[in-house]
Amino acid sequence: MEHATDVAAAIESSVESLAAVLERARLAQTPVIPPAQLRVLTIVAENRHTNMSRLAEALDVVPSSASRLCDRLEATGLLRRVADPRDRREVRLLLTTASRRLLADLRERRRAALTDVLERMPVTARQDLVRALRAFEAAAADPADTSAGDDLRTA
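Rules behind the numbers
- Residues numbered from 1 in each chain as written.
- Predicted model: local features only at pLDDT ≥ 70, side-chain atom pairs only at ≥ 80, totals over all residues.
- Heavy atoms only, no water.
- Core = buried A, V, L, I, M, F, W, Y, C linked by side-chain atoms within 4.5 Å.
- Buried < 20%, exposed > 50% of the residue type's maximum accessible area, 1.4 Å probe, protein only.
- Helix = DSSP H or I, 4+ residues; strand = E, 2+ residues; numbered from the N terminus.
- Contact = heavy atoms within 4.5 Å.
- Pairing = 2+ DSSP bridges.
- Axes fitted to C-alpha atoms, helices over the stretch in contact; angles between N-to-C directions.
- Parallel < 35°, antiparallel > 145°, perpendicular 65-115°, else oblique.
- Nonpolar A, V, L, I, M, F, W, Y, C, P; charged D, E, K, R; others polar.
- Patch = residues over 30% accessible without salt bridge, like charges linked within 9 Å, V, L, I, M, F, W, Y side chains within 5 Å.
- Areas by Shrake-Rupley, 256 points an atom, 1.4 Å probe, with all protein chains shown as cover.
- Salt bridge = Lys/Arg side-chain N within 4 Å of Asp/Glu carboxyl O.

### Considering the nonpolar core
- By size, the foremost hydrophobic cluster in this structure holds 22 residues, and its most contacted members are Val40, Leu41, Leu55, Leu59, Cys70, Leu79 and Leu93.
- For this core, the elements supplying multiple residues, two or more each, are α2 (35–46), α3 (52–59), α4 (63–75), β2 (87–95) and α5 (97–118).
- Other than its neighbours up to four places away in sequence, Leu59 contacts Arg39, Val40, Ile43, Ala66 and Leu69.

### Some details on the pairing of strand β1 (residues 79–84)
- Pairing geometry for β1 and β2, over six bridges, is antiparallel. Considered in β2, the bridge of Asp84 is made with Asp87.
- Count of turn residues in the β1/β2 antiparallel hairpin: two residues.

### Some remarks on the packing of α3 against α4
- For the pair α3 and α4, interaxial distance at closest approach is 8 Å and the crossing angle is 105°. Classified by the angle their axes make, α3 and α4 are roughly perpendicular. Contact with α3, carried on its side by Met52, Leu55, Ala56 and Leu59, involves Pro63, Ala66, Ser67, Leu69 and Cys70 of α4 and no other residues of that element.
- Its residues placed into classes, the contact of α3 with α4 shows eight nonpolar, one polar and no charged.

### Here's the deal with a nonpolar patch on the surface
- A cluster of nonpolar side chains, namely Val7, Ile11, Val15 and Phe136, defines an oily patch on the protein surface of about 340 Å² accessible area.
- For the nonpolar patch, the leading source of residues is helix α1 (residues 4–27), giving three residues.
- Structurally, the position occupied by Val15 is in helix α1.

### So, the pattern of salt bridges
- Applying the stated criterion across every chain, the model contains eight salt bridges.
- For Arg109, the salt bridge identified is with Asp105, shortest N-O distance 3.1 Å. Placement of both Arg109 and Asp105 in helix α5 is noted, with a separation of four residues, approximately one turn of the helix.
- On the accessibility criterion, Asp105 (27% relative accessible area) is partly exposed.

### Structural notes on the side chain of Gln29
- With respect to the helices, strands and loops of the structure, Gln29 is situated in the loop between α1 and α2.
- Using a relative accessible area of 3% as the deciding quantity, one classes Gln29 as buried.
- In this structure Gln29 touches Leu102, Asp105, Leu106 and Arg109, once residues within four positions along its chain are discounted.

Okay, structure coming up:
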């Protein structure tokens, strides 16, 4: 049995390979969206009630930096800011049809890129990978966290 540090090193190497596959898929998309802007779109897509302060918190940036990111996305037609119907002082961030299409296309490109890699693996190795990833996910889960789907930082 390998030591946990050896396994950690192997996982780190695999994650770097995974990140490279996903990055190639992102760069193949037109238009190419910078990673910070893509993260904003992902956060907004996953959280219907995202406002500027929640976005800034999720990005771990000051609100003015989050606002500048939103300015650029709004200028390219990928994001809309609207008054929150519950509190007019708040500005809610919404995806546009173009950004929804862009995210769906990116998701398809990423899955296709991952499929290409996974098809080069033996079937039993793929099955073992899925089992191992599920076990890792379960072990990594915070037992005190009851809001698993509400965490803005998972973008």
